[in-house]
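Chain by chain, the residues run as shown.
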Amino acid sequence: MKITVNGEQRNLAQKVSLLEFLNQNKINLNVVVVEYNYDIVDREKWQDVTLADGDNLEILQFVGGG
């Protein structure tokens, strides 16, 4: 199954939830916003979203500084 993450194609062996995908990729959940198929997904719903072939993710991480 192929998905696009931040403009790059990725292969997934099986369907996983958005939350599982983020955890598997060691994404810091406290500093990200996720856009799934061009809609921002509330954190509370990450477990409810199952990634499927052709899906598009944009994972935006907040960076402090100034």
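Everything in this summary refers to the structure shown in the same document. Keep in mind the model is a prediction, meaning the values are calculated, not measured.

### Remarks on the nonpolar core
Phase 1 of the analysis: Core analysis: the biggest nonpolar cluster contains 17 residues, and L18, F21, L22, L51 and L57 have the highest contact counts within it.
Phase 2 of the analysis: For this core, the secondary-structure elements that each account for two or more residues are β1 (2–5), α1 (18–24), β3 (32–36) and β5 (56–61).
Phase 3 of the analysis: Leave out the neighbours within four places in its chain, and F21 touches I3, V5, R10, L12, V16, L51, L57 and I59.

### Some remarks on the side chain of S17
Phase 1 of the analysis: When you line up the elements, S17 lands in the loop between β2 (8–11) and α1.
Phase 2 of the analysis: Those residues in contact with S17 that lie beyond four places of it in its chain are W46, Q47, V49 and T50.

### Details of unusual backbone geometry
Phase 1 of the analysis: With a phi angle near 50°, N6 is a residue other than glycine that sits in the positive phi range.
Phase 2 of the analysis: Position of N6 among the secondary structure elements: in the loop between β1 and β2.
Phase 3 of the analysis: Given the relative accessible area of 38%, N6 is considered partly exposed.
Phase 4 of the analysis: One non-glycine residue, Y38, lies in the positive phi region at around 75°.
Phase 5 of the analysis: Mapped onto the fold, Y38 is located in the loop between β3 and β4 (39–41).

### Quick notes on the pairing of β1
Phase 1 of the analysis: When β1 meets β2, the two strands line up antiparallel, connected through four bridges. Looking at β2, one finds that T4 is bridged to Q9.
Phase 2 of the analysis: The hairpin turn running from β1 into β2, its antiparallel successor, is two residues long, and N6 in that turn takes a positive phi close to 50°.
Phase 3 of the analysis: One ladder, built from two bridges, connects β1 with β5; its direction is parallel. Bridging across to β5, T4 finds its partner in N56.

What counts as what
Residues numbered from 1 in each chain as written. Predicted model: local features only at pLDDT ≥ 70, side-chain atom pairs only at ≥ 80, totals over all residues. Heavy atoms only, no water. Core = buried A, V, L, I, M, F, W, Y, C linked by side-chain atoms within 4.5 Å. Buried < 20%, exposed > 50% of the residue type's maximum accessible area, 1.4 Å probe, protein only. Helix = DSSP H or I, 4+ residues; strand = E, 2+ residues; numbered from the N terminus. Contact = heavy atoms within 4.5 Å. Pairing = 2+ DSSP bridges.

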